[in-house]
Amino acid sequence: MVTKQFTGSSDEADLRRADSLAREIFSDVANKWALLIIEALGERTLRFTELRNEVEGISHKMLTQNLRMLERNGLAERKVYPTVPPQVEYTLTEPGQALRATVDLICGWTHQYFGHIETARRRFDA
């Protein structure tokens, strides 16, 4: 997807427009893996393998893709140490930490309404 260059104010970043940068950013960060990575990195700086262990079920490829996307959007930083093999650490940036507050709200909402959603699904599927 190629996004038009955004030159207006943030008020003009309309999620409803197909060519909106805001829509692309929303699409990037609103996937399950990105949310889980942001949540895991909110606690501390992690190496790739540590992060993969924290986010159960994520493949090497998906973790790599999502970390690159978070880095591209300025939400995570990658620090490479000149060792053999190279040691790489990831941490959230200030905007990433701010987004984590929203992710925490989503997690809290999930825990609060888990039982309700579970009941609704059983009723719907019956």
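None of the values given here were measured: they were computed from a predicted structure. (Residues numbered from 1 in each chain as written. Predicted model: local features only at pLDDT ≥ 70, side-chain atom pairs only at ≥ 80, totals over all residues. Heavy atoms only, no water.)

Asks: It is not clear to me how the overall build of the protein chain should be interpreted in this structure. Could you clarify?
Replies: Per the secondary structure count, the protein chain includes 5 helices and 3 strands. Reading the secondary structure of the protein chain in the N-to-C direction produces α-α-β-α-α-β-β-α. Counting only residues that meet the buried cut, the protein chain has 25% of its 126 residues in that class. Of the contacts made within the protein chain by residues no fewer than 6 positions apart, 41% connect residues no fewer than 24 positions apart. Carbon and sulfur atoms provide 54% of the accessible area of the protein chain, an area that totals close to 9,200 Å². (Helix = DSSP H or I, 4+ residues; strand = E, 2+ residues; numbered from the N terminus. Buried < 20%, exposed > 50% of the residue type's maximum accessible area, 1.4 Å probe, protein only. Contact = heavy atoms within 4.5 Å. Areas by Shrake-Rupley, 256 points an atom, 1.4 Å probe, with all protein chains shown as cover.)

Asks: Looking at this structure, how should I read the confidence of the model for the protein chain?
Replies: Atomic detail in the predicted coordinates should be set aside for any region of low pLDDT. Of the residues in the protein chain, 90% reach a pLDDT of 70 or more, and the chain-wide mean stands at 89. Mean pLDDT across the elements of the protein chain bottoms out in helix α1 (residues 21-29) (86) and peaks in helix α4 (residues 60-72) (97). (pLDDT = per-residue confidence, 0-100.)

Asks: How should the nonpolar core be read in this particular structure?
Replies: Nonpolar side chains in soluble globular proteins tend to end up buried together. If you look at the biggest cluster of nonpolar residues, it comprises 22 residues, and the most contacted ones within it are I37, L41, L51, V55, L63, L67 and L70. Broken down by secondary-structure element, the contributors of at least two residues to this core are α2 (32-41), α3 (48-54), α4 and β3 (87-92). With 6 residues, the single largest contributor to this core is α2. If we skip the residues at most four places from it in the chain, I37 touches L51, V55, I58, L63, N66, L67 and L70. (Core = buried A, V, L, I, M, F, W, Y, C linked by side-chain atoms within 4.5 Å.)

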